[in-house]
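Spelled out from the first residue to the last, the chains are:
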Amino acid sequence: MKNSLKQIFICTSCGSVHPKWLGKCPDCDAWNSIHEETVSKSQHQNYQQGQKAEVVPLPKILEKEEKRIFCGVPELDRVLGGGLVTGSLVLLSGDPGIGKSTLLLQALNGLAQRGFKVLYASGEESCTQIKLRAERLGSLNMNILVTNETNILSILEAAKQTRPHVLVIDSIQTVYNPELPGSPGNVSQIRECANLIMQTAKSQNISTFVIGHVTKDGAIAGPKVLEHLVDTVMHLEGDTSSGYRILRANKNRFGSTGEIGVFAMQGHGLVDIPNPSAVFLDENKKDCEGAAISVSMEGTRPILIEVQVLVGKTSFASPRRLATGFDTNRFTILLAVLEKRAGLYLSNVDVYANVTGGFKIYETAIDLATAAAVASSLFGKPLPSKTAFFGEVGLSGEVRMVSHALTRIQEAQKLGFEKIYIPLRNYQIEKEHIIKLIEKQERPFFIIPIENVNEVVRIEH
Ligand code: TYD
Ligand code: MG
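Now for a quick tour of the structure. (Residues numbered from 1 in each chain as written. Chains lettered and ligands numbered in written order. Predicted model: local features only at pLDDT ≥ 70, side-chain atom pairs only at ≥ 80, totals over all residues. Heavy atoms only, no water.)

## Focus on the overall build of the protein chain
The helix and strand tally for the protein chain stands at 14 helices and 23 strands. With the C-alpha coordinates aligned to their principal axes, the bounding extent of the protein chain is approximately 80 × 55 × 50 Å. Expressed as a percentage of the 461 residues in the protein chain, the buried residues total 50%. When contacts within the protein chain are restricted to residue pairs at least 6 apart in sequence, long-range pairs at least 24 apart make up 70% of them. Of the roughly 22300 Å² that the protein chain leaves accessible, carbon and sulfur atoms contribute 52%. (Helix = DSSP H or I, 4+ residues; strand = E, 2+ residues; numbered from the N terminus. Buried < 20%, exposed > 50% of the residue type's maximum accessible area, 1.4 Å probe, protein only. Contact = heavy atoms within 4.5 Å. Areas by Shrake-Rupley, 256 points an atom, 1.4 Å probe, with all protein chains shown as cover.)

## Quick word on the packing of helix α9 (residues 328-341) against helix α10 (residues 367-379)
It is the contact of α9 with α10, at a shortest axis distance of 11 Å, that shows an interaxial angle of 60 degrees. One way to sum up the angle between α9 and α10 is to call them oblique. In this structure, α9 crosses over α10, and the sense of that crossing is right-handed. Contacts between α9 and α10 pair Arg330, Phe331, Leu334, Leu335 and Leu338 from the former with Asp367, Thr370, Ala371 and Val374 from the latter. (Axes fitted to C-alpha atoms, helices over the stretch in contact; angles between N-to-C directions. Parallel < 35°, antiparallel > 145°, perpendicular 65-115°, else oblique. Left-handed = near helix turned anticlockwise from the far one by under 90°.)

## Side note on the environment of Leu196
Within the secondary structure, Leu196 sits in helix α6 (residues 187-204). Contact partners of Leu196, with chain neighbours within four places excluded, come to Ile152, Leu153, Leu156 and Asn177.

## Thoughts on the sheet that holds strand β10 (residues 207-213)
Overall, mixed pairing links the nine strands, which are arranged β8-β7-β9-β10-β6-β11-β12-β13-β14 in an open sheet. Looking at the sheet topology across the chains shown, the edges are occupied by β8 (144-147) and β14 (269-272). Neighbouring strand axes in the sheet, compared pairwise and without regard to direction, differ in orientation by 25 degrees on average. In this structure, strand β12 (residues 244-252) lies alongside strand β13 (residues 260-266), joined through five bridges in antiparallel fashion. Across the sheet, the residue bridging to Ile246 is Val262, located in β13. Against the sheet, helix α3 (residues 100-113) makes contact with β6 (89-94), β7 (118-122), β8, β9 (166-170), β10, β11 (232-237), β12, β13 and β14, and its axis sits at roughly 165 degrees relative to β10, the strand it touches most. (Pairing = 2+ DSSP bridges.)

## Some details on the pattern of salt bridges
On inspection of all chains with the given rule, the structure shows eleven salt bridges. With its nearest N and O atoms 2.7 Å apart, the salt bridge here joins Lys202 to Asp231. Linking Lys202 in helix α6 with Asp231 in the loop between α7 (225-229) and β11, this pair joins segments that are 29 residues apart in sequence. For Asp231, a relative accessible area of 5% corresponds to the buried category. (Salt bridge = Lys/Arg side-chain N within 4 Å of Asp/Glu carboxyl O.)

## Comments concerning the nonpolar core
Nonpolar side chains in soluble globular proteins tend to be buried together. Among the nonpolar cores identified, the biggest contains 45 residues, and Leu338, Phe389 and Val456 are the most heavily contacted of them. When residues of this core are traced back to their parent elements, those giving at least two are β13, β16 (301-313), α9, β18 (349-355), α10 and α14 (454-457). Considering each element in turn, this core owes the most residues, seven residues, to α10. Those residues in contact with Leu338 that lie beyond four places of it in its chain are Gly343, Leu344, Leu346, Ala371, Val374, Val453 and Val457. Of all hydrophobic cores here, the second largest spans 34 residues; its members include Val90, Val118, Tyr120 and Ile211. (Core = buried A, V, L, I, M, F, W, Y, C linked by side-chain atoms within 4.5 Å.)

Function-wise, these values are silent; they only describe arrangement.
Structural data, given as structure tokens:
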């Protein structure tokens, strides 16, 4: 077939194709994201022409049993939804140097030790580098096959012939299809390679991990199409400086997306942290103003975290508000609520907030702890020890109920907390269970229902 070339204009953000260059993508509204690319005509036509699809009545569909294998890295297995589904395609994204290759090499080792054959295709590092790393991780195993190939057709051919149970492509930005023009990493190369990888994963029943880099603003470099294509999208995050890494599933066709995995990066690789609450709290700390403990839910797991706030006199015309670890906008709104509803005078002070341990919180239940920490720092009075807070703060200062209150209370109780401030509404709903929890406890244990944020800003010991 004549394989003439054709110019197309493709959006690097959403992957949509346009007939001409535009400053702003009409599909995803991203600015300056459209680039010109050359594709073969036949390839481009594949998208437009289709053959009649096979249709089946719903009850006649043959169910394939979903088989899972454990990778031997419990926190990874948890995020995958209880092990790796055979034939599934998983995208692992994260900043460079965060530990993606390390995590997957450890998982491959876990699989190899169980007798599964695995293939690690790395265009990122040389075979020697991989071996050195594997030695450090204690992952030298005959069942781990390694290649440096970046031609996707050769990699997939090798996979078809060696028939590994699990294949890792490190990374999608380094592989290319020689039949297409353009260098590795451009949108059409990424999309085509991902398509080929998916076809092989499904037809050969090989579970495949694809590593993807993220751009500065946190999106996976390459089109969103990649995220739509795969079964699971996982993101590894954390400060490279802090030793902790958090693995989240942003999308999972085979499990919940709420689960997180927590790891510590150590000299011999990533180590699982089965009890994260203990890690994010500093055990030896004395009472300090501006620090409050909250219980955040990460999937089905409650995690105790510490919110720290520093209030200081401003030397700027407009005072600064900065928050790391949670949403700055939400933090600014909370400060406005505290000013208006709880009478805290904050307009001539800078307020900085931080969640310790490099943890990022996306839920609103930490509002109450943040409010208590702001007041504590402003008045220079430490909060009582062994006290935790959770609850969402509304714009009129009301403390709103949050989900999983009982699980949160139990976690704080387990870690020796004695006083927990919770939303009144949660208390009313779960009263019976809460009373049972209190009765069970031998040490003093108090649950304090709160209706308005006012009540936590002037807590006395
Ligand atoms: P890596 O897995 O190469 O990151 P990615 O593939 O996401 O780019 O991890 C690189 C960092 O991890 C590197 O800066 C060194 C650190 N590291 C350790 O601290 N301990 C170890 O055992 C290993 C293998 C890496
Ligand atoms: Mg790497």
